[in-house]
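# Working through the structure, step by step
Here is what each chain is made of, one letter per residue.
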Amino acid sequence: MATLRLGDVVPDFEAQTTEGPIKFHEWLGDSWGILFSHPKNFTPVCTTELGQASHLKGEFEKRGVKLIGLSVDTIENHPAWVGDIKDATGATLNFPLIADADKKVSDLYDLIHPNASDTATVRSVFVIGPDKKLKLSLTYPASTGRNFTEILRVVDSLQLTAKHSVATPVDWKHGEDVIIVPSLTDDAAKAKFPDGWKTVKPYLRVVRQPGA
């Protein structure tokens, strides 16, 4: 199976979801997207994750990002789990949840790792750009819940660095200083950053975040 790598166009697929059938690329449209997988329905960690993602949907929408989950379970099981998610987290699921009982999508995205489990998916996150290309992937074991605050931070970095000649340093958060990419000469940087920057090392030039 081919590995999905950064910069690859992500596989398209058709699937049943809690919000009806979708064609993935068509559903994404011109938006950013996050596809994240769940080992199966009625699992405790997934229940907390889907609740938190639902709480944060407004933050993702501000960034033009669509959320979609995936579970290797049947569509018939999804409504009862959605009820459990609301009971446990106070959040009503407000984005589509794919029913991938035949593991068609899981196979396309290499979500079954046999040395971890030959039936359940790993806990993966795919951040996809409007060009349908993979911008970031994270893979956790089934036992470890994801940090959606970190996923928001990553989206902020990806969207910022896609528009400007900057990179974000360790532990960066929106509004903090960024780094001018090394490929940009000082002369070119003067045109982009007329207010100047701080040179820590010749290759490490710190500048105020564009637009902040």
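Residues numbered from 1 in each chain as written. Predicted model: local features only at pLDDT ≥ 70, side-chain atom pairs only at ≥ 80, totals over all residues. Heavy atoms only, no water.

## Description of the pattern of salt bridges
Applying the stated criterion to the full structure yields 10 salt bridges. The salt bridge partner of E59 is K62, with a shortest N-O separation of 3.0 Å. With E59 and K62 both in helix 3 (residues 57-62) and 3 residues apart, this pair spans about one turn of that helix. Overall, E59 belongs to the partly exposed group, its relative accessible area being 27%. Note on K62: relative accessible area 64%, which makes it exposed. Here the salt bridges share partners, and the residues they tie into one network are E59, K62, R63 and D156. (Salt bridge = Lys/Arg side-chain N within 4 Å of Asp/Glu carboxyl O. Helix = DSSP H or I, 4+ residues; strand = E, 2+ residues; numbered from the N terminus. Buried < 20%, exposed > 50% of the residue type's maximum accessible area, 1.4 Å probe, protein only.)

## Here we look at helix 2 (residues 44-55)
For helix 2, spanning 12 residues, the distance from its first C-alpha to its last is 17 Å, which sits close to the expected 16 Å at 1.5 Å a residue. C46, T47, E49, L50, G51, A53 and S54 are the residues of helix 2 that are buried. (Expected span 1.5 Å × (residues − 1).)

## Looking at unusual backbone geometry
Of note, D110 is a non-glycine position whose phi angle comes to about 55 degrees, a positive value. Relative to the helices and strands, D110 is located in the loop between helix 5 (104-108) and strand 6 (123-128).

## Brief notes about the UniProt feature "active site" (unreviewed entry) in the protein chain
The feature "active site" (unreviewed entry), as annotated in UniProt, sits at C46 in this numbering. One can find C46 in helix 2. (UniProt positions renumbered as here; feature names shortened; annotations may be inferred.)

## Comments concerning the pairing of strand 6
Here strand 6 lies mainly inside the structure; 6 of its 6 residues are buried. The two faces of strand 6 match: R123, V125 and V127 on one face and S124, F126 and I128 on the other face are all buried. Strand direction decides the pairing type here: strand 3 (residues 32-38) and strand 6, joined by 4 bridges, are antiparallel. Each residue of the ladder has a partner; that of G33, found in strand 6, is I128. Two elements, strand 6 and strand 7 (residues 134-140), share 6 bridges in a ladder whose sense is antiparallel. Paired with R123 across the strands is Y140, a residue of strand 7. The antiparallel pairing of strand 6 with strand 7 creates a hairpin that spans 5 residues between the two strands, and K132 there sits at a positive phi of about 70 degrees. (Pairing = 2+ DSSP bridges.)

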